[in-house]
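Architecture at a glance
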Amino acid sequence: MNKQELKNNINRYCKVKYGKTISESKDYEIFNALSLALLEEVVDDWNATKKLYSEQKQAFYLSAEYLMGRALGNNLISMGVYEEVKELLQELNINLNQIEEIEEDAGLGNGGLGRLAACFMDSGATMNIPLQGYGIRYSNGLFNQKIVDGAQVEEIDTWLKYGDPWSIRREDEAVVVDFKDYSVKAVPYDMPIISYGSKNINTLRLWQAEPLVEFDFDYFNAQDYAKATAMKNKAEDISRVLYPNDSKEAGKLLRLRQQYFMVSASLKDILAPVLKGEEKLDVKDLGSKYAVQLNDTHPVLAIPEFIRLLVDERGVSFEEARAAAQKVFAYTNHTILAEALEKWDVKLINKLFPRLLEIIKELDKLFIEELKIAGYTKDQIEEFRIIGNKQVRMANLAIHMGFAVNGVAALHTEILKDTELSNWYKLYPNKFQNKTNGITPRRWVRLCNQELSAFITELLGTEDWVKDLSKLKGLEKYINEDRVLNRLTAIKKTKKEQLVAYIKKVEGVELDPASLFDIQIKRLHEYKRQLLNAFYILDLYYRLKENPSLDIPKVSFIFGAKAFPGYVRAKAIVKFIGEIAKLINNDASINGKMKVIFVENYRVSYAEKLFPAAEISKQISTAGKEASGTGNMKFMVNGALTFGTYDGANVEIVQEAKEENNFIFGLRVEEIEAIQGLEEGYIPEAYYEAQKDLKKVVDSLIDGTFSDGGTGEFKDLYHSLIKEGDTYFLLADFKAFKEAEDKVFEAYKDQRRWAQMSLMNIANAGIFSSDRTIMQYATEIWGITPITLK
Ligand SMILES: *Cc1c(COP(=O)(O)O)cnc(C)c1O
């Protein structure tokens, strides 16, 4: 990159966009001008990559969520010019960090599933895989969270307010999506996904919904302005928010519309050469040209839509179209929570796209015939059916029609095969695969922990580890070198100090960087058991009050989580933690020995500050409930030790980094199943009555210790444990949790040993790179080999 040229380009964009010189420009204006100047650098390679990919088999990733976070810093790292641009800006008296901080997160997702899609995009480009992402360009991302008096308040996210310099609107590639009642335009916005270490530029294409005509001229002329723009609003609603509230039928219809909008636009785009007849393609060969990965069930309508396009618009026979679909689609399952397995009322589908319902019914019928021939009884067939109880079962449609089904961690895939989907596994043993999730090392180490990255590069003598994370294994040989261990400890301290300064600035709370940083950050959900962590903290506080000389290190408990707006219990847990924090942080008698903070608005950019500062990674889901987790991997590679249950990818984490370097506790899947299999089942009251310490913290929900503002929310939490059977086994795991924490405190006394444990975690985090995961998808599912732009 030519420095002077880049300077000139930034200057020019400031001029033509804002009519200013650089020095007169505001931070967001510089952010936009710099982004455009960088985009300009990659456009030629981007177009060349598209052409290169179009000449061979391609994979398409369909996902309702992409939790991208910020683009600028990541793109600078991928382009290999972060330091150079930082210096260049310094010459202009501009601080790059300040410019990075002005960027709004693209929060087009909820949590792990959406962040996985974002990591896959990054890794697809770096591994030079012909992979394109498709999704929806929500004009408002996941809500911004305010914590007011300890409780969550949602505010609208307006991520586009400063513009979106990293997207290019492709008006000329817009397509029309037809619903039964009206049609809308889907306009693609393309984001470049920049490879680290090669010239490939992949694409994330997000669709924006717009009306076919801006407004109705006749109504406007008749001065009925509401009616004149009614269609514009109806169209724009489709790409307004992720997962609109669906407590009523209107909301359900909107969600369903979104799903079809995304898949119909994407397939028209993917199949354009076929549909336009430009390409003489044998339908039987579609499976050797395209692979479409369905990220969970949200994009599963792509299957009947694919068939519809071939049959209705290309005159292909139903049998042939069905057979082609069975070679193109693959499905990723992300959960075993029954509530998350999507089902849609036949009535709703019929209301929006009756032709799709016809196709789904036909698929159901053909499937039944196959099962009959295979010797299944009517009762057995019922479980497999695509339509049941007047609902379309999206997972069944995907498993039957897809050529591959994958779980997202070893334990998760085993549970799918053994229990949740065991009959499907018997029917289609060859479809099932495991693809353990991963995270991109570019964002989650190289960008967010530049101090650690520089040290790793120094030790390994090369920066290759950023695109081959297995190289971290080479750090193990330093396990007894004090120089290395001390540097690791010093880097952790630096990252803690940076976090402390940031928290002070945005939350107004002061933490001690010398305290143990114990962090639980993830969506708020009962199965993730933030409430168990809260109970533990409260119990520790009571013990400290009783015994001021209790032998524990100074400790900071940090939470970050958004609760889905309609999830009352999750919001009650936020409030409960807020109350505990208030009690503990305001108690001068404990001399600041412990602090609790619930950080506001947990999101990707905040996560980038939290993971590098963590010493304990809290991963305490009920065994069997967390499909994989990826937060656990981000902690690990940044040197935090896992405090967790034997669940999801925690199992593989301790397999790699060894159990002695982490803290594993609690019931295992088999033990939970055994308890559930007992005649009397699980009796939470037994634990509650037998453990005075446990009873005291649980009772704090109802005995007036804390106020829920008269909402009755805390009493409801109490009921979930005592009356409703404690679905997630908090009470059963409390004792083991405490014992494991004692081990943490004991271990923390020996800082040298702690640094060794930390080093072992970093050195063995290699397999949790999403580069490894995406290569496995490419070779084991899609049948695609990398191709590098020359
Ligand atoms: C990684 C990540 C997640 C997923 O965290 P889990 O602990 O795996 O649930 C969620 N949200 C954000 C912002 C993340 O970066």
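Refer to the preceding data block for the structure.
A brief look at the structure comes next. The structure presented is a predicted model; accordingly, all values stated were derived computationally and were not measured.

Any two side chains of opposite charge can pair, so long as their charged atoms come close to each other. Throughout the structure, instances matching the rule amount to 69 salt bridges. Note that Lys 504 is salt-bridged to Glu 510, the shortest N-O span being 3.8 Å. Taking relative accessible area as the criterion, Lys 504 reaches 41% and is therefore assigned partly exposed. Counted as one network, the salt bridges with shared partners bring together Lys 50, Arg 170, Glu 173, Asp 190, Arg 205 and Asp 269.

Both faces of the sheet carry side chains from a regular strand, because those side chains alternate between them. Neither face of strand β21 (residues 616-619) is open: one carries Ile 616 and Lys 618, the other Ser 617 and Gln 619, and all of them are buried. Here 2 bridges tie strand β18 (residues 516-521) to β21, and the two strands are oriented parallel to one another. Across the sheet, Asp 518 pairs through a bridge with Ile 616, a residue of β21. Relative to strand β22 (residues 641-644), β21 runs parallel, the two sharing 4 bridges. Bridge pairing in β22 links Gln 619 to Gly 644. For the crossover from β21 across helix α27 (residues 631-637) to β22, the handedness is right-handed.

Close contacts around the ligand come from 14 residues, with Lys 522, Lys 528, Thr 630, Gly 631 and Lys 634 the closest. Side-chain polar atom of Lys 528 to an oxygen atom of the ligand: 2.9 Å apart, as the coordinates give it. Contact with the protein chains hides 96% of the accessible area of the ligand, taken as 390 Å² for the molecule alone. Of all elements in the fold, only α26 (604-610) and α27 reach the threshold of two or more residues within the shell around the ligand. Its residues placed into classes, the shell around the ligand shows 5 nonpolar, 5 polar and 4 charged.

Bringing the sheet that holds strand β23 (residues 663-664) into the picture now. With parallel pairing, the 6 strands of this open sheet are ordered in space as β20-β19-β18-β21-β22-β23. Each end of this open sheet is capped by a strand with a single partner; those strands are β20 (594-599) and β23. In this fold helix α23 (residues 482-507) packs onto β18, β19 (555-560) and β20, with an angle of close to 65° to the strand it touches most, β20. Against the sheet, helix α34 (residues 751-763) engages β18, β21, β22 and β23, with an angle of about 85° to β22.

The next subject is the environment of Ser 621. With respect to the helices and strands, Ser 621 occurs in the loop between β21 and α27. Residue Ser 621 is classed as buried on the basis of its relative accessible area, which comes to 5%. For Ser 621, the contacting residues outside a window of four places in its chain are Tyr 527, Lys 528, Arg 529, Glu 626, Thr 645 and Asp 647.

Of all 6 residues in strand β4 (residues 131-136), 6 are buried, a share of seventy percent or more. Side chains of β4 alternate between two faces, with Leu 131, Gly 133 and Gly 135 and Gln 132, Tyr 134 and Ile 136 buried alike. Taken together, the 4 bridges between strand β1 (residues 58-62) and β4 define a ladder with parallel strand orientation. Each bridged residue has a counterpart across the sheet, and for Phe 60 the counterpart in β4 is Gln 132. The sheet contact formed by β4 and strand β10 (residues 201-210) spans 5 bridges and is parallel. Across the sheet, Tyr 134 pairs through a bridge with Arg 205, a residue of β10.

Counting 188 residues, the largest nonpolar core has Phe 261, Phe 306, Ile 307, Phe 329, Phe 535, Met 594 and Trp 782 as the members making the most contacts within it. Apart from the residues lying within four places of it in its own chain, the contact partners of Phe 535 are Phe 576, Val 697, Val 698, Leu 701, Leu 721, Leu 730 and Phe 734. Core analysis: the next-biggest nonpolar cluster, separate from the first, contains 86 residues, Ile 77, Leu 89, Leu 452 and Phe 517 among them.

Turning our eyes to something else, we now look at empty space enclosed by the protein. A complete count under the given rule lists 3 cavities of 30 Å³ or more for this structure. Within this model, the largest cavity holds a volume of roughly 370 Å³. Residue lining of the largest cavity: 26 residues in total, with Gly 69, Arg 70, Ala 71, Glu 103 and Met 191 positioned closest to the centre. Of the residues in the lining of the largest cavity, the class split is 14 nonpolar, 5 polar and 7 charged. Size it by volume and the second largest cavity reaches roughly 70 Å³. Lining the second largest cavity are Asn 449, Leu 452, Leu 488, Ile 491, Lys 492, Lys 495, Pro 612, Asn 638, Gly 639, Ser 758 and Ile 762. For the lining of the second largest cavity, the secondary-structure elements that each account for two or more residues are α23 and α34. Class assignment of the residues belonging to the lining of the second largest cavity gives a composition of 5 nonpolar, 4 polar and 2 charged.

Our next topic: the side chain of Asn 638. When you line up the elements, Asn 638 lands in the loop between α27 and β22. Contact partners of Asn 638, with chain neighbours within four places excluded, come to Trp 444, Val 445, Cys 448, Asn 449, Leu 452, Lys 492, Phe 611, Pro 612 and Ile 762.

What follows deals with the layout of surface pockets. In this model, the second largest pocket occupies a volume close to 720 Å³. At the level of elements, α2 (27-54), β1, β4, β10, α10 (249-270) and α11 (272-275) are the ones that each hand at least two residues to the lining of the second largest pocket. When its residues are assigned to classes, the lining of the second largest pocket shows 12 nonpolar, 7 polar and 12 charged.

Criteria and thresholds
- Residues numbered from 1 in each chain as written.
- Predicted model: local features only at pLDDT ≥ 70, side-chain atom pairs only at ≥ 80, totals over all residues.
- Heavy atoms only, no water.
- Salt bridge = Lys/Arg side-chain N within 4 Å of Asp/Glu carboxyl O.
- Buried < 20%, exposed > 50% of the residue type's maximum accessible area, 1.4 Å probe, protein only.
- Helix = DSSP H or I, 4+ residues; strand = E, 2+ residues; numbered from the N terminus.
- Pairing = 2+ DSSP bridges.
- Right-handed = clockwise from strand over helix to strand, strands pointing away.
- Near = heavy atom within 4 Å.
- Polar contact = N/O pair within 3.5 Å; in protein donor to acceptor, adjacent residues only side chain to side chain.
- Areas by Shrake-Rupley, 256 points an atom, 1.4 Å probe, with all protein chains shown as cover.
- Nonpolar A, V, L, I, M, F, W, Y, C, P; charged D, E, K, R; others polar.
- Contact = heavy atoms within 4.5 Å.
- Axes fitted to C-alpha atoms, helices over the stretch in contact; angles between N-to-C directions.
- Core = buried A, V, L, I, M, F, W, Y, C linked by side-chain atoms within 4.5 Å.
- 1 Å grid on protein atoms, 1.4 Å probe; cavity = no way out; pocket = protein on both sides within 12 Å on 5 of 7 lines; lining within 4 Å.
- Points joined across faces, edges and corners; volume = space filled by probe spheres on them.

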